[in-house]
Amino acid sequence: MPHTRPQKPGKPRHFARPQRPKGGRDGGREGFGGRSPYSDGPAILYGWHTVMAALENPARRIRKLFATENAARRLAENGVALPVEPELIRPDAIAARLGPDAVHQGLLAEADPLPSPELEELPATGMVLVLDQITDPHNVGAILRTAAGFAVSAVVTTARHSPEATGVLAKSASGALDYVPIVTVQNLARAMSEMKERGYLLVGLDSTGDADLAEVALTSPLALVLGAEGKGLRQLTRTTCDRVARLDLPGKIKSLNVSNAAALALYVASRRLASS
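**Digging into the overall build of the chain**
Part 1 of the reasoning: Helix and strand counts for the chain stand at 8 helices and 11 strands.
Part 2 of the reasoning: Relative to its full complement of 276 residues, the chain shows a buried share of 51%.
Part 3 of the reasoning: Look at the contacts in the chain between residues 6 or more apart in sequence, and 78% of them connect residues 24 or more apart.
Part 4 of the reasoning: When the accessible area of the chain is evaluated, it comes to approximately 13500 Å², of which 51% is carbon and sulfur surface.

Structure below.
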């Protein structure tokens, strides 16, 4: 459901020692268009919540800020501290750059991509989401937004077969890109094994899981593992999980869009962990 009034931005979340992935400047990650989010190219952020979260994140370096007269006035009225002077621009000029369907609300920023924390920096408590080659930026953005709502510690994703942290993904995340750290790994199964060694319980989500998630004994730290729509969890990802659970639904449709499944799974898991 769309918001009818501005959200109050939360406090940006980041690890104490965020670093770029090892193995080179861009960590070998390829996103849509073949450009690494760790390259010198800027992340494109647009929309009020997205840009506001970036402006309030001390780990985010803003290169350029473009605003319409109305958006610039709104920033001034809200007393927003700006790291750079905004360049006034017409709404159609922003639309021409982003596309006619982009809801930019008069704000566009060019910023350095956020660095990826190391896997060993994951906290020893709470919940983490693991994404197994989910490539749709709308879905990943929606998952990040839900993750921020449930205070998820981080999202772990693969270096390849994942969308860039920019543009549509950032807009769909509605600011969550600056609240939830993204840990990028080269080999997901190996990373999951390392997480198990650090005490994480890994629960994969699949419609053919052997138990309802609401009935699985959950412990913290917990990692919920989500597969791509259509393909689901890859076989090695599935076998690396401690458990594979399903979300029992009362209606005739028994599976959900992956971002909706993430929201329901986080709700169930957070309630179970709180009551344990």
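After that view of the structure, there is still more to cover.
**A word on the nonpolar core**
Part 1 of the reasoning: Leu45, Leu129, Leu144, Leu213, Leu218, Leu222 and Leu226 are the most contacted members of the largest nonpolar core, which has 57 residues in total.
Part 2 of the reasoning: Here this core gets 8 residues from one element, more than from any other, and that element is helix H8 (residues 258–275).
Part 3 of the reasoning: Setting aside residues up to four positions removed in sequence, leucine 222 forms contacts with Gly126, Met127, Val128, Tyr200, Leu201, Val203, Ala269 and Leu273.
Part 4 of the reasoning: Ranked by size, the runner-up nonpolar core spans 19 residues in total, among them Leu122, Val130, Leu233 and Val244.

**Notes on the layout of surface pockets**
Part 1 of the reasoning: The space that makes up the second largest pocket amounts to roughly 370 Å³.
Part 2 of the reasoning: In this structure, the second largest pocket is lined by 18 residues; those nearest its centre are Leu205, Asp206, Ser207, Leu256 and Ala261.
Part 3 of the reasoning: Broken down by secondary-structure element, the contributors of at least two residues to the lining of the second largest pocket are strand S10 (222–227) and H8.

**Some details on the environment of leucine 264**
Part 1 of the reasoning: Mapped onto the secondary structure, leucine 264 falls in helix H8.
Part 2 of the reasoning: Sequence spacing of leucine 264 and leucine 213 is 51 residues, and the spatial spacing of their C-alpha atoms is 10.0 Å.

**A closer look at the sheet that holds strand S2 (residues 62–67)**
Part 1 of the reasoning: The strand order across the open sheet formed by 4 strands is S1-S4-S2-S3, and the pairing between neighbours is mixed. The sheet is open, and its two edges are formed by strand S1 (43–46) and strand S3 (87–88), each paired on a single side.
Part 2 of the reasoning: Note: S2 against strand S4 (residues 107–111), 5 bridges, orientation antiparallel. Note on S4: the bridge partner recorded for isoleucine 62 is alanine 111.
Part 3 of the reasoning: Relative to the sheet, helix H2 (residues 69–77) contacts S2, S3 and S4, its axis offset from that of S2 by approximately 115°.
Part 4 of the reasoning: Of the strands in this sheet, S1, S2 and S4 are in contact with helix H3 (residues 91–98), which crosses S4 at around 50°.

**Looking at the packing of helix H4 (residues 137–149) against H8**
Part 1 of the reasoning: It is at 8 Å that the axes of H4 and H8 come closest, and there the two elements cross at 15°. Regarding the angle of H4 to H8, the classification is roughly parallel. As H4 runs across H8, the sense of the crossing is right-handed. When H4 is examined against H8, the residues Asn139, Ala142, Ile143, Thr146 and Ala147 are found in contact with a partner set consisting of Val258, Ser259, Ala262, Ala263 and Leu266.
Part 2 of the reasoning: Residue classes in the contact of H4 with H8 are distributed as 7 nonpolar, 3 polar and no charged.

**Thoughts on the side chain of asparagine 139**
Part 1 of the reasoning: For asparagine 139, the position within the fold is in helix H4.
Part 2 of the reasoning: A polar side-chain atom of asparagine 139 sits 3.1 Å from a polar atom in the side chain of glutamate 229.
Part 3 of the reasoning: Once residues lying within four places of it in the same chain are set aside, the contact partners of asparagine 139 are Ile134, Glu229, Asn257, Val258 and Ser259.

**Quick word on the sheet that holds S10**
Part 1 of the reasoning: The parallel open sheet is built from 7 strands, whose spatial order is S7-S6-S5-S10-S8-S11-S9. The two strands at the open ends of the sheet, each matched to only one other strand, are strand S7 (182–185) and strand S9 (211–212).
Part 2 of the reasoning: The sheet contact formed by strand S5 (residues 127–132) and S10 spans 6 bridges and is parallel. Of the residues in S10, the one forming a bridge with methionine 127 is leucine 222.
Part 3 of the reasoning: Set on the sheet, helix H6 (residues 188–197) makes contact with S5, strand S6 (154–158), S7, strand S8 (201–205) and S10; between it and S5 the angle comes to about 160°.

**Focus: the pattern of salt bridges**
Part 1 of the reasoning: Across all of its chains, the model carries 10 salt bridges by this definition.
Part 2 of the reasoning: In this structure, arginine 60 and aspartate 178 form a salt bridge, with 3.1 Å as the shortest nitrogen-oxygen distance. Of this pair, arginine 60 sits in the loop between helix H1 (48–56) and S2 while aspartate 178 is found in the loop between helix H5 (167–173) and S7, placing the two residues 118 residues apart along the sequence. By the burial criterion, arginine 60 is buried, and aspartate 178 matches it.
Part 3 of the reasoning: The closest approach of N and O atoms between arginine 238 and aspartate 206, which form a salt bridge, is 3.5 Å.

**Things to note about the pairing of S1**
Part 1 of the reasoning: Here S1 shows two buried faces, one formed by Ala43 and Leu45 and the other by Ile44 and Tyr46.
Part 2 of the reasoning: In terms of strand pairing, S1 meets S4 through 4 bridges, oriented antiparallel. Its bridge partner lying in S4, isoleucine 44 is registered against glutamate 110.

The rules behind the values
Residues numbered from 1 in each chain as written. Predicted model: local features only at pLDDT ≥ 70, side-chain atom pairs only at ≥ 80, totals over all residues. Heavy atoms only, no water. Helix = DSSP H or I, 4+ residues; strand = E, 2+ residues; numbered from the N terminus. Buried < 20%, exposed > 50% of the residue type's maximum accessible area, 1.4 Å probe, protein only. Contact = heavy atoms within 4.5 Å. Areas by Shrake-Rupley, 256 points an atom, 1.4 Å probe, with all protein chains shown as cover. Core = buried A, V, L, I, M, F, W, Y, C linked by side-chain atoms within 4.5 Å. 1 Å grid on protein atoms, 1.4 Å probe; cavity = no way out; pocket = protein on both sides within 12 Å on 5 of 7 lines; lining within 4 Å. Points joined across faces, edges and corners; volume = space filled by probe spheres on them. Pairing = 2+ DSSP bridges. Axes fitted to C-alpha atoms, helices over the stretch in contact; angles between N-to-C directions. Parallel < 35°, antiparallel > 145°, perpendicular 65-115°, else oblique. Left-handed = near helix turned anticlockwise from the far one by under 90°. Nonpolar A, V, L, I, M, F, W, Y, C, P; charged D, E, K, R; others polar. Polar contact = N/O pair within 3.5 Å; in protein donor to acceptor, adjacent residues only side chain to side chain. Salt bridge = Lys/Arg side-chain N within 4 Å of Asp/Glu carboxyl O.

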